[in-house]
Amino acid sequence: QVQLVESGGGLVQAGGSLILSCAASGSMLSIATMAWYRQAPGKQRELVALITRDYSTNYADSAKGRFTISRDNAKNTVILEMKSLKPEDTAVYYCNINRVGMNFWGKGTLVTVSS
């Protein structure tokens, strides 16, 4: 019912910036909570940033001050702006939608931050 496609990943040097985009299709997306997760090699998937239907946001401590999550309901997109990237930000980043208690995931986009 819900499909998510991430884009914008790639290779960037430490200190650089990158913008990730998630294009969503489906119904009732405007009431859904949208989020970005990431999974680094050998580690558990973790929440990076979250934005609610009311545009409230939450960030992982590691992302605070560097990452910004936003949403555009008219375009059914959720954006993650990343700056001052660090090698430890290297991971596959996943778009997530929670709608009426159900979770939907994109296939992920790889972000690699070089030293």
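Before any of the text, the structure's been laid out above.
Residues numbered from 1 in each chain as written. Predicted model: local features only at pLDDT ≥ 70, side-chain atom pairs only at ≥ 80, totals over all residues. Heavy atoms only, no water.

### Considering unusual backbone geometry
Okay, so step 1: The backbone phi angle of Asn-76 is positive, close to 55 degrees, even though this residue is not glycine.
Okay, so step 2: The topology assignment puts Asn-76 in the loop between β7 (67-72) and β8 (77-82).
Okay, so step 3: A relative accessible area of 26% means that Asn-76 is categorised as partly exposed.
Okay, so step 4: One non-glycine residue, Ser-84, lies in positive phi territory at about 50 degrees.
Okay, so step 5: Secondary-structure assignment places Ser-84 in the loop between β8 and β9 (91-99).
Okay, so step 6: For Ser-84, a relative accessible area of 39% gives the class partly exposed. (Helix = DSSP H or I, 4+ residues; strand = E, 2+ residues; numbered from the N terminus. Buried < 20%, exposed > 50% of the residue type's maximum accessible area, 1.4 Å probe, protein only.)

### Things to note about the pairing of β8
Okay, so step 1: Along β8, 5 of the 6 residues are buried, which leaves the element largely enclosed by surrounding structure.
Okay, so step 2: As defined by bridge partners, strand β3 (residues 18-25) adjoins β8 across 6 bridges and the pair is classed as antiparallel. Each bridged residue has a counterpart across the sheet, and for Cys-22 the counterpart in β8 is Val-78.
Okay, so step 3: Bridge count for β7 against β8 is 6 bridges, and the pairing is antiparallel. When the bridges of β8 are listed, Ser-70 appears paired with Ile-79.
Okay, so step 4: Between β7 and β8, which pair antiparallel and follow one another directly, the connecting turn spans 4 residues, one of which, Asn-76, has a positive phi of 55 degrees. (Pairing = 2+ DSSP bridges.)

### Some points on the packing of aromatic side chains
Okay, so step 1: Taken as a whole and judged by the stated rule, the model has 1 aromatic pair.
Okay, so step 2: Ring geometry for Tyr-37 and Trp-105: centres 4.9 Å apart, planes at 65 degrees, overall edge-to-face. In this pair, Tyr-37 is assigned in strand β4 (residues 33-39) and Trp-105 in strand β10 (residues 102-105), connecting sequence segments 68 residues apart.
Okay, so step 3: According to the relative accessible area criterion, Tyr-37 is partly exposed, its value standing at 22%.
Okay, so step 4: Taking the relative accessible area as the measure of exposure, Trp-105 reaches 38% and is therefore partly exposed. (Phe/Tyr/Trp six-rings, centres within 6.5 Å; stacked < 30°, edge-to-face > 60°.)

### Overview of the state of the cysteines
Okay, so step 1: By the definition in use, this model includes 1 disulfide.
Okay, so step 2: Across a sulfur-sulfur distance of 2.1 Å, Cys-22 and Cys-95 are joined as a disulfide pair. On the S-S bond that ties Cys-22 to Cys-95, the torsion sits near -85 degrees, and the link is left-handed. Highlighted residues: Cys-22 in strand β3 and Cys-95 in strand β9, separated in sequence by 73 residues.
Okay, so step 3: Relative accessible area serves as the criterion here: at 0%, Cys-22 is assigned to the buried category.
Okay, so step 4: Residue class for Cys-95 comes out buried when judged on its relative accessible area of 0%. (Disulfide = S-S within 2.5 Å.)

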